[in-house]
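# Examining the three-dimensional arrangement
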Amino acid sequence: MRPIVFLFAVVLMISLSHLWSQEEPKDAFIMTVTGKVGLENLGNVLPHEHVTTDFLGAEIAPQPRYPRHMAITSILPYLKKLKERGYGLFFECTPNYIGRDVELLKALSELSGLKIVTNTGYYAAVNKKFLPKHAYTESSEALAKRWEQEWRKGIGDTGIRPGFIKLGVGKGPLDTIEEKLLQAAIILHKKSGLQMAMHTGDGEAALSQYQIIAAAGVDGKNMIWVHAQNGKDDERLALAQKGVWISLDGVSSEKLDSYVNMIRVLRENQLLSQLMISHDNGWGVEDEKGVIKLVPFDKGKNVPYQTIYNLLLPRLQQLGFTQAEIELITIKNPLKAYSLTP
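Presented here is an overview of the structure given in this document. (Residues numbered from 1 in each chain as written. Predicted model: local features only at pLDDT ≥ 70, side-chain atom pairs only at ≥ 80, totals over all residues. Heavy atoms only, no water.)

### Quick notes on the overall build of the protein
Looking only at helices and strands, the protein features eleven helices and 14 strands. For the protein, whose C-alpha radius of gyration is 19 Å, the value lies close to the compact-globule estimate of 20 Å for 342 residues. Counting only C-alpha atoms, the protein reaches 55 × 50 × 40 Å along its principal axes. Across the 342 residues of the protein, 59% fall into the buried class. Carbon together with sulfur atoms contributes 51% to the accessible area of the protein, which is approximately 14,300 Å² in total. Measuring between centres, the 39 positive side-chain charges of the protein sit 3 Å from its 37 negative side-chain charges. (Helix = DSSP H or I, 4+ residues; strand = E, 2+ residues; numbered from the N terminus. Rg over C-alpha atoms; globule rule 2.2 N^0.38 Å. Buried < 20%, exposed > 50% of the residue type's maximum accessible area, 1.4 Å probe, protein only. Areas by Shrake-Rupley, 256 points an atom, 1.4 Å probe, with all protein chains shown as cover. Lys, Arg positive; Asp, Glu negative; His and termini not counted. Charge placed at Lys NZ, Arg CZ, Asp CG, Glu CD.)

Structure follows, in structure tokens:
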């Protein structure tokens, strides 16, 4: 193990008790696939990752298309490695109709010891390929009721409850369908407190989302701009100043310098308190001549879930980021963004 990585591993294990703001209610919790957990002693957090994602399209084939034992064998070692390195919480952002598999997530959580969070909501990016037919015909109120049923009673007959709302939109101002889904999310958010995490194509779309939630009387802190790296520095700064969470997802070795630069700009503007970072890693379900396989998103160029720990955080330390700043980004911010109260 390289010296700087070893040093970081030691520092990660230092007591985290000083992190918890007095503003955070003592009974705040995260809803995981194995139930509620408190905010204490969870370790580092990955706020935007995937496990398995099926890009076939909505309502084409029964899900999942793979045997779960194969998925467990393939993925479990990577989650165990995260646990060994001080990570305790993992937000799995694959929505319904694009491969969400909550029974797999529960099995992986129990086997690895890593707390995993799943979601409710629909994904309208990529030309609506992953929307079910009823998303076009039902009202925002009816869609909100579907998602509320998952929150109140569990997903399907599993009893597994989501811990946040996941949406996906493309570029530019939201269209009619995207806005209807956001209105459904707002309805559920007001009833449940569930955070709204939104895959977003560009800064114009992010601003459109913020304007819609603000018009509904919802504070910016209840919006996570997922894939905020798709915007510009001035767009990120403007929304961060309004309380929106800036989630820089997709950290990889190839793009490391650009992520470092985006983080430095937020730091220079005293906005690290709004920042989260993640890899957006996972495995895609692919049919290779009739054989279903799980293939890493980037075709194996990066080891899943490792780049932040191995490369990004040591680089930030070299640039003078303090341990308190790193813990703010990797622990305190995601917990504050996603926590719920009874």
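### Concerning the packing of aromatic side chains
Counted according to the given criterion, the structure contains twelve aromatic pairs. Ring geometry for Phe55 versus Phe297: centroids 5.9 Å apart, planes at 55°, classification tilted. Of the two residues, Phe55 is situated in the loop between β4 (52–53) and α2 (68–84) and Phe297 in the loop between β14 (291–296) and α10 (307–318); the sequence distance between them amounts to 242 residues. Residue class for Phe297 comes out partly exposed when judged on its relative accessible area of 28%. Taken together, a centroid distance of 5.1 Å and an interplanar angle of 90° make the contact between Phe90 and Tyr305 edge-to-face. Note that Phe90 is positioned in strand β5 (residues 87–92) and Tyr305 in the loop between β14 and α10, a separation of 215 residues in sequence. Like Phe90, the residue Tyr305 is buried in the burial classification. A connected cluster of aromatic rings, assembled from ring pairs, spans Phe55, Tyr123, Phe130 and Phe297. Over the ring of Trp151 we find Arg161; its NZ or CZ atom is 4.2 Å from the centre of that ring. Sitting over the face of the ring of Phe321, Arg267 holds its NZ or CZ atom 4.1 Å from the ring centroid. (Phe/Tyr/Trp six-rings, centres within 6.5 Å; stacked < 30°, edge-to-face > 60°. Lys NZ or Arg CZ within 6 Å of the ring centre and 35° of its normal.)

### Considerations on the packing of helix α6 (residues 176–192) against helix α7 (residues 203–215)
At a minimum axis distance of 11 Å, the contact between α6 and α7 shows a crossing angle of 45°. By the angle between their directions, the pair α6 and α7 is classed as oblique. As for how α6 packs across α7, the hand of that crossing is right-handed. Every residue of α7 that contacts α6 at Glu179, Leu182, Gln183 and Ile186 is listed here: Gln209, Ile212 and Ile213. Looking at the contact of α6 with α7 residue by residue, the class counts come to four nonpolar, two polar and one charged. (Axes fitted to C-alpha atoms, helices over the stretch in contact; angles between N-to-C directions. Parallel < 35°, antiparallel > 145°, perpendicular 65-115°, else oblique. Left-handed = near helix turned anticlockwise from the far one by under 90°. Contact = heavy atoms within 4.5 Å. Nonpolar A, V, L, I, M, F, W, Y, C, P; charged D, E, K, R; others polar.)

By themselves, these are just geometric observations and shouldn't be taken as functional.
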